[in-house]
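Tertiary structure, described
So the chains spell out like this:
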Amino acid sequence: MEQKSLDALADVIISKKFTLSVLKLENIVKIASFNFKKHFTEVITNIQTCTNFKYLSLANNHLGKSNILALSTVFGNSNVTIHGINLKGVKISKNYFWSAMEAMFEGNNWCLTTLDISEIPMEPRTLLEINKFIRSSVSLKTLNLSSTQIEASGVCNVITSIEANDDLAVTLLLKDNNFTSKSSKIISETLSRGVSRILSLDLTDNPLGDKGSAIIFQALAKTKIQQLICNYTFKLKGKEERQQLIQSIAQLLKADILTRLEIKGDAQKSSTQLRQSFIPIFRAVGEAPSLRVLNIEQHQIGHDGLIWLAKAIQVNNELREIYWEGNDLSFLALERFNKVISETKHVLVFPIPILEVVCLRSELPEFSNRIQTIVNNIETNIRIYNCQK
């Protein structure tokens, strides 16, 4: 963003010619190094006069002392009802950050619903302030601690704080924090005590491996979690660990608490792909009437597994969305999906893997027209079912 644009934006905001409700100043990189910094205090302070202000994002910026002092003033104003704050990847001095955090939590604990401090290294003082805020909040709904290098013990503290507050029902994002099998043992001990205030948990891009993932899934079966996103966490080391993983996923599904399950594999790493092992999981899907959304992309499941997926769709009338790209589509499986979806009429999202269809038509030129007709039928039926809802 060029200097002239920054100054023009500041002038517009400061002019107070409109009611500001959302302000996104993202990826400017070095607010503190631009002349814009002379306007920043006025811009942020102007938020205090906006009675309908809801969301502030300063993601991926370098903030200086004067910037933080301005933020602290706004955060500390109990008349400012900020509902969402995004500080993802902000570069900031520790001491100034803690001051802003204290002011933010003290002034907004009654209205703040979304807090994103992902990609900011987690310091003990920061963790302390977060836990204080969680315990006093009456409105928090989404907490993003992804890529913060938070330790497993810190996660346990956060979970304990959430569970201690009866007013909360939280989505907790913990992506890319380098949690391992050892970390999973620590976290699972806290989860096993019975978690009811965390409704959604995202552990994507943590190297839990098969063993660590299984430990987490086993613990979650004793909670009231509704949505689990655990993409790219599996890693095959041995048949026994893989079998434990499959059993733990099936057990979690049979507990009938999940409405959403995402367990995508990595297309570039075969060790993350469950392949034929998915069959017991699909049996469990058929016994999980609460499940609405299932994402099993990039597992190279193959023909037999996809036939079992079709059976699960036929049995579980509550499934609404299924994401299944990258699973080695076969002609017979495509025909089966067409039949099941047309008969059951409950699936509303079922993206066809176009590249796999193209490959299928190339491999089976004699069935090329038939394949395209089937795809058209599936897509048409899905559109009709959505219109009827």
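Here goes a summary of the coordinates provided. Just so we're clear, the structure is a prediction, and the values are computed from it rather than from any experiment. (Residues numbered from 1 in each chain as written. Predicted model: local features only at pLDDT ≥ 70, side-chain atom pairs only at ≥ 80, totals over all residues. Heavy atoms only, no water.)

What to know about the environment of Thr223
Threshold: In this description a helix means any DSSP run of H or I spanning at least four residues, a strand means any run of E spanning at least two, and both kinds are numbered starting from the N terminus. The contact criterion used throughout is that any non-hydrogen atoms of two residues lie within 4.5 Å. For the purposes of these results, a polar contact is taken to be a pair of N or O atoms within 3.5 Å, where, inside protein, one atom must be able to donate a hydrogen and its partner to accept one; residues adjacent in sequence count only when each atom of the pair is a side-chain atom.
Secondary-structure assignment places Thr223 in the loop between helix 8 (209–220) and strand 10 (227–229). Linking Thr223 and Leu191, residues 32 residues apart in sequence, is a C-alpha distance of 7.1 Å. Sequence-distant contacts of Thr223, defined by excluding residues within four places in its chain, comprise Leu191, Val195 and Ile257. Only 2.7 Å separates the side chain of Thr223 from the backbone oxygen of Leu220, close enough to count as a polar contact. Here the side chain of Thr223 touches Ile225 through a polar contact of 3.2 Å, landing on its backbone nitrogen.

Here we look at the side chain of Asp210
Mapped onto the fold, Asp210 is located in helix 8. In terms of polar contacts, Asp210 uses its side chain to reach the backbone amide nitrogen of Lys235, at 2.9 Å. For Asp210, the residues in contact, after removing those within four places along its chain, are Phe234, Lys235, Leu236, Glu241, Arg242 and Leu245.

Some thoughts on the packing of helix 6 (residues 152–163) against helix 7 (residues 181–191)
Packed helix pairs are characterised by how far apart their axes lie and by the angle those axes make with each other. Short version of the rule: Orientation is described by lines fitted to C-alpha atoms, with helices fitted over the stretch in contact, and by angles between N-to-C directions that extend from 0 to 180 degrees. Here the angle decides the label: under 35 degrees means roughly parallel, over 145 means roughly antiparallel, 65 to 115 means roughly perpendicular, and every other value means oblique. Here is the rule for handedness: rotate from the far helix to the near one, and if that takes an anticlockwise turn smaller than a right angle the crossing is left-handed, while a clockwise turn gives right-handed. Here the term charged refers only to Asp, Glu, Lys and Arg, the term nonpolar to Ala, Val, Leu, Ile, Met, Phe, Trp, Tyr, Cys and Pro, and the term polar to all other amino acids, Gly among them.
Interaxial distance between helix 6 and helix 7 falls to 9 Å at its minimum, and their mutual angle equals 15°. In terms of orientation, helix 6 lies roughly parallel with respect to helix 7. Judged by the sense of rotation from one axis to the other, the crossing of helix 6 with helix 7 is right-handed. Listed contacts from helix 7 to Ala152, Ser153, Val155, Cys156, Ile159 and Thr160 of helix 6 are Ser183, Ile186, Ile187, Thr190 and Leu191. Classifying every residue of the contact of helix 6 with helix 7 gives 7 nonpolar, 4 polar and no charged.

Some remarks on empty space enclosed by the protein
Inclusion rule: Here a cavity is any set of points on a 1 Å grid over the protein atoms alone where a 1.4 Å probe fits but cannot get out, and a pocket is any open set with protein on both sides within 12 Å along at least 5 of 7 lines; a residue lines the site when it has an atom within 4 Å of a point. Grid points are joined across faces, edges and corners, and a volume is the space filled by probe spheres set on the points.
Under the criterion given, the structure shown has 1 cavity of 30 Å³ or more. Looking at the largest cavity, the residues that line it are Leu63, Ile68, Leu71, Phe75, Leu87, Val90, Ile92, Phe97, Ala100, Met101 and Met104. Of all the secondary-structure elements, those providing two or more residues to the lining of the largest cavity are helix 3 (65–75) and helix 4 (94–108). It is helix 4 that provides the largest number of residues to the lining of the largest cavity, a total of 4 residues. Here the residues of the lining of the largest cavity are counted per class, giving 11 nonpolar, no polar and no charged.

A few points about the layout of surface pockets
Each pocket or cavity is described by its volume, and for the largest pocket that value is around 310 Å³. What lines the largest pocket is a set of 19 residues, among which Pro207, Gly209, Thr233, Phe234 and Lys235 lie closest to the centre. With 4 residues, helix 8 is the largest single contributor of residues to the lining of the largest pocket.

Overview of the nonpolar core
Buried together is how nonpolar side chains tend to be arranged in soluble globular proteins. For clarity, the threshold we go by: Side-chain atoms within 4.5 Å are what join buried Ala, Val, Leu, Ile, Met, Phe, Trp, Tyr and Cys residues into a set we call a nonpolar core. Exposure classes here rest on a 1.4 Å probe applied to the protein chains alone. A residue is buried below 20% of its type maximum, exposed above 50%, and partly exposed in between.
Within the largest apolar cluster, 113 residues are counted, with the highest numbers of intra-cluster contacts made by Phe217 and Phe350. Setting aside chain neighbours within four positions, we find Phe217 in contact with Leu228, Cys230, Phe234, Leu245, Ser248, Ile249, Leu252 and Ile263.

Thoughts on the sheet that holds strand 6 (residues 114–116)
To be explicit about the condition: The pairing criterion for strands is at least two bridges between them, as found by DSSP.
If you trace the 11 strands from one edge of the open sheet to the other, you get 1-3-5-6-7-8-9-10-11-12-13, paired in parallel fashion. The strands lining the two open edges of the sheet, one partner per strand, are strand 1 (22–24) and strand 13 (321–323). Neighbour to neighbour, the strand axes of the sheet diverge by 5° on average, direction disregarded. Here strand 9 (residues 198–202) pairs with strand 10 via 3 bridges, running parallel. Within strand 10, the position partnered with Leu201 by the bridge is Leu228.

Some remarks on the pattern of salt bridges
Defined as follows: For this analysis, a salt bridge means a side-chain nitrogen from Lys or Arg found within 4 Å of a carboxyl oxygen belonging to Asp or Glu.
Throughout the structure, instances matching the rule amount to 11 salt bridges. With a shortest N-O distance of 2.5 Å, Arg242 and Asp210 are connected by a salt bridge. Taken together, the positions of Arg242 in helix 9 (residues 239–254) and Asp210 in helix 8 put the pair 32 residues apart, joining distant regions of the chain.

Notes on unusual backbone geometry
For Glu119, which is not a glycine, the phi torsion comes out positive at approximately 70°. As for its placement among the helices and strands, Glu119 is situated in the loop between strand 6 and helix 5 (124–136). Phi is positive for Asn178, close to 60°, though the residue is something other than glycine. Residue position: Asn178 is located in the loop between strand 8 (170–173) and helix 7.

Read these as geometric descriptors, not functional statements.
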